[in-house]
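Per-entry structural report
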Amino acid sequence: MSVRNTFATLALLAPLAALAGQIEVRDGYAHATSTAQPVGAGFLTLANGGAADRLLGVSCSCAQSAELHSMSMDGGVMKMRKLDTIDIPAKGSVALEPGGMHLMLIGLKAPLAEGQQVPLELRFDKAGVVRTTLKVKARVPAGHEGHEHMHKH
Ligand SMILES: [Cu+2]
């Protein structure tokens, strides 16, 4: 009887295991930061090959904390908001890109240098923990100043 139960359990677990890894992280990068700047911004695209999922949070060994943020223009003023989660539709993708949703790396332990690979851990409701890296790119000078000013952490 117990052997039979074991097989039944394994049969149930197999499809669950296959569900993990349905989320693919693409084009992850962060902007290089100066020494005076304690906050960095990260961007990536989440492609979902399976059922609807939800990004619950991120963490980076490079910073004291990491948050999910949205950004929008409101009457010419850039507004930032902390997001608790980000929904990823079934068989869809969500882009975190400049001017929109992004990752905020708060309390950087060292400046992000161009060419560096920053490890990032993403936690999903269904896919679990997904590890990726952000490639550090040179700062984009135009249009990003307001972003840094909005962050008074
Ligand atoms: Cu932000």
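Below is a short write-up of the structure. (Residues numbered from 1 in each chain as written. Predicted model: local features only at pLDDT ≥ 70, side-chain atom pairs only at ≥ 80, totals over all residues. Heavy atoms only, no water.)

1. Focus: the overall build of the chain
In terms of helices and strands, the chain carries 2 helices and 10 strands. Secondary structure elements of the chain occur, N-terminal to C-terminal, as α-β-β-β-β-β-β-β-β-β-β-α. With 153 residues in all, the chain has 41% of them scored as buried. When contacts within the chain are restricted to residue pairs at least 6 apart in sequence, those whose partners lie at least 24 apart make up 68%. Taken as a whole, the chain presents about 8,700 Å² of accessible surface, with 57% of it coming from carbon and sulfur. (Helix = DSSP H or I, 4+ residues; strand = E, 2+ residues; numbered from the N terminus. Buried < 20%, exposed > 50% of the residue type's maximum accessible area, 1.4 Å probe, protein only. Contact = heavy atoms within 4.5 Å. Areas by Shrake-Rupley, 256 points an atom, 1.4 Å probe, with all protein chains shown as cover.)

2. Re the pairing of strand 7 (residues 93-96)
Across the two faces of strand 7 the burial differs, with Val94 and Leu96 buried and Ser93 and Ala95 not buried at all. Of the pairings in the sheet, the one linking strand 2 (residues 39-48) to strand 7 comprises 4 bridges and is antiparallel in character. Residue pairing for strand 7: Ala47 is matched across the bridge by Ser93. (Pairing = 2+ DSSP bridges.)

3. Quick word on the packing of aromatic side chains
Aromatic ring pairs: the centre-centre distance and the angle between the two ring planes describe each pair. Evaluated as defined, the whole model comprises 1 aromatic pair. Here the aromatic rings of Tyr29 and Phe43 are separated by 5.2 Å at their centres, their planes lie at 35°, and the arrangement is tilted. Of the two residues, Tyr29 sits in strand 1 (residues 23-31) while Phe43 sits in strand 2, which places them 14 residues apart along the sequence. Given the relative accessible area of 16%, Tyr29 is considered buried. In this arrangement the basic side chain of Lys137 is found over the ring face of Tyr29, its NZ or CZ atom lying 4.2 Å from the centre. (Phe/Tyr/Trp six-rings, centres within 6.5 Å; stacked < 30°, edge-to-face > 60°. Lys NZ or Arg CZ within 6 Å of the ring centre and 35° of its normal.)

4. Brief notes about the side chain of Gln37
Checked against the element boundaries, Gln37 lands in the loop between strand 1 and strand 2. Classification of Gln37 by relative accessible area gives buried; the value is 15%. Only 3.0 Å separates the side chain of Gln37 from the backbone oxygen of Val39, close enough to count as a polar contact. (Polar contact = N/O pair within 3.5 Å; in protein donor to acceptor, adjacent residues only side chain to side chain.)

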